[in-house]
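# Coordinate inspection notes
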Amino acid sequence: MRWGVPSPDKVAYMADVAAAAGDYKRQLLDLLELEPGLTVLDLGCGPGEDVPAMAGAVTTSGRVVGVDIDPKMVEAATSRFHDHPHVEIRLGDGLALSFEDATFDRARMDRALQHVADPATVLTELHRVLKPGGLLRIGEPDWDSLVVDGDLEMNRAFNRFVCSTMVRNATIGRQLARLAHSAGFEVQAVHTVSPVFHNFALADNIFALTRNTERAIRAGAIERADGERWLAELQQGDFLAAPLMFLLSARKPL
C-alpha cells in the first residue's frame, strides 16, 4: 500500500498517486533545497515519478540515484530515464544500501518507509550514506488519522483494519522525528499536510476504500450490512476524505 492498496497495475497506480498528491510532493521537493551539482538519493523511487523534478534541479552537473526493491518499478524507471546520463536507477534494499559512506548530499523517501520491515535500520543506512551536513527529507502517512466524512464509527473501523492488517508501519508518520533522532540525525522540523479529496472514485482508487472494506468484511472486522451501507452513502453524498501526511526535515551533523 502506497496510499492505499495498489491496483494490479502498480506503475499506473503510482502515477495516479503522484497526480493526486501534487501539493505535498512539491512541498517535499522544496524542503530538499536542491542546487546544481548535488547528488541525491531517492530511496523507494517506484517508477520514477518524482525523479524528473530532482534531476532538473541538480542539472547535468549533479546526479540523482533512484533505488527500489521492486524489479517492476526499477524496470519502469530505467526505461524512462535511459537517455538521462545523470540519472541512475538501481534495484536495492534500504536495509543494506550498496553505497559507500558519505556518498550523497541529499536523501529522500516518499511513502516507502511504511512498508519496510525495519524502519530504524533504513534510517541508520540513510545516515551512513549521507555526507556530513547532508539533508534527509521523508514524507509518510499516518493511517490511523485518515478522515472520511460520514459515519464516524465506520471510518474508525476502516482505519483500525487498515492499520492492523494492510500496512506494515501504519503510523510511521508520527514516529519519524523520534526514529531519525535515534539514527543520529538532527531533526530540523516536522510539518503536516492533509490533501483533501472530494471525488469518491479518485479517493477509492488511491485509498482502496471499496477493496479494503470488502477485505475487512471477509475478515470479520466489519459487518457486511454496515460496510455496504457506508460505501453506498459515501458514493451518494458530498464526499470528503483527507489523509494526514508528516514531512520530516533532518540533517546529518557535520
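Placed above this text is the structure.
Computed from a prediction, not measured in an experiment: that's the story for all the values here.

### Examining the packing of helix H6 (residues 152–166) against helix H10 (residues 224–236)
Where H6 meets H10, the closest approach of the two axes is 11 Å, and the angle between their N-to-C directions is 110°. It follows that H6 is roughly perpendicular to H10 by the angle criterion. Taken together, the residues of H10 that come into contact with H6 (itself represented by Met 154, Asn 155 and Phe 158) are Asp 226, Gly 227, Arg 229 and Trp 230. Across the contact of H6 with H10, the residue classes break down as 3 nonpolar, 2 polar and 2 charged.

### Some details on helix H5 (residues 119–129)
Within H5, burial applies to Pro 119, Val 122, Leu 123, Glu 125, Leu 126, His 127 and Val 129. Against strand S1 (39–43), strand S4 (104–110), strand S5 (130–148) and helix H7 (172–182) lie the buried residues of H5.

### Notes on the pattern of salt bridges
Pairing is possible between side chains of opposite charge, provided their charged atoms come close. All told, the structure shown has 24 salt bridges when counted by the stated rule. As a salt-bridge pair, Arg 128 and Glu 125 come within 2.9 Å of each other at their nearest N and O atoms. On the criterion of helical spacing, the pair formed by Arg 128 and Glu 125 is a turn pair, its members being 3 residues apart in helix H5. Since its relative accessible area comes to 22%, Arg 128 is described here as partly exposed. Glu 125 gets classed as buried once you look at its relative accessible area, which sits at 12%. Ionic pairing is found between Arg 174 and Asp 144, a salt bridge with its closest N-O pair at 3.7 Å. Linking Arg 174 in helix H7 with Asp 144 in strand S5, this pair joins segments that are 30 residues apart in sequence.

### Some details on the nonpolar core
Leu 41, Leu 113, Leu 126 and Leu 136 are the most contacted members of the largest nonpolar core, which has 28 residues in total. The contact partners of Leu 136, leaving out residues within four places of it in the chain, are Ala 107, Leu 123, Leu 126, Leu 130, Phe 185, Leu 248, Ser 249 and Ala 250. If you look at the next biggest cluster of nonpolar residues, it comprises 25 residues, including Met 154, Phe 200, Ile 206 and Leu 209.

### Things to note about unusual backbone geometry
One non-glycine residue, Thr 59, adopts positive backbone phi at about 60°. By the secondary structure assignment, Thr 59 is in the loop between helix H3 (51–58) and strand S2 (63–68). Positive phi, close to 55°, is recorded for Ala 102, a residue that is not glycine. Relative to the helices and strands, Ala 102 resides in the loop between strand S3 (87–91) and S4. Among the residues examined, Ala 102 registers a relative accessible area of 33% and is labelled partly exposed.

### Quick notes on the packing of H6 against helix H9 (residues 209–218)
At a closest axis distance of 10 Å, the pairing of H6 and H9 adopts a crossing angle of 80°. One way to sum up the angle between H6 and H9 is to call them roughly perpendicular. Here Phe 158, Phe 161, Val 162 and Met 166 of H6 come into contact with H9, specifically with Leu 209, Asn 212, Thr 213, Arg 215 and Ala 216. Tallied by class, residues from the contact of H6 with H9 come to 6 nonpolar, 2 polar and 1 charged.

About the cut-offs
- Residues numbered from 1 in each chain as written.
- Predicted model: local features only at pLDDT ≥ 70, side-chain atom pairs only at ≥ 80, totals over all residues.
- Heavy atoms only, no water.
- Axes fitted to C-alpha atoms, helices over the stretch in contact; angles between N-to-C directions.
- Helix = DSSP H or I, 4+ residues; strand = E, 2+ residues; numbered from the N terminus.
- Parallel < 35°, antiparallel > 145°, perpendicular 65-115°, else oblique.
- Contact = heavy atoms within 4.5 Å.
- Nonpolar A, V, L, I, M, F, W, Y, C, P; charged D, E, K, R; others polar.
- Buried < 20%, exposed > 50% of the residue type's maximum accessible area, 1.4 Å probe, protein only.
- Salt bridge = Lys/Arg side-chain N within 4 Å of Asp/Glu carboxyl O.
- Core = buried A, V, L, I, M, F, W, Y, C linked by side-chain atoms within 4.5 Å.

From the geometry alone we can't say anything about function, so treat these as descriptive.
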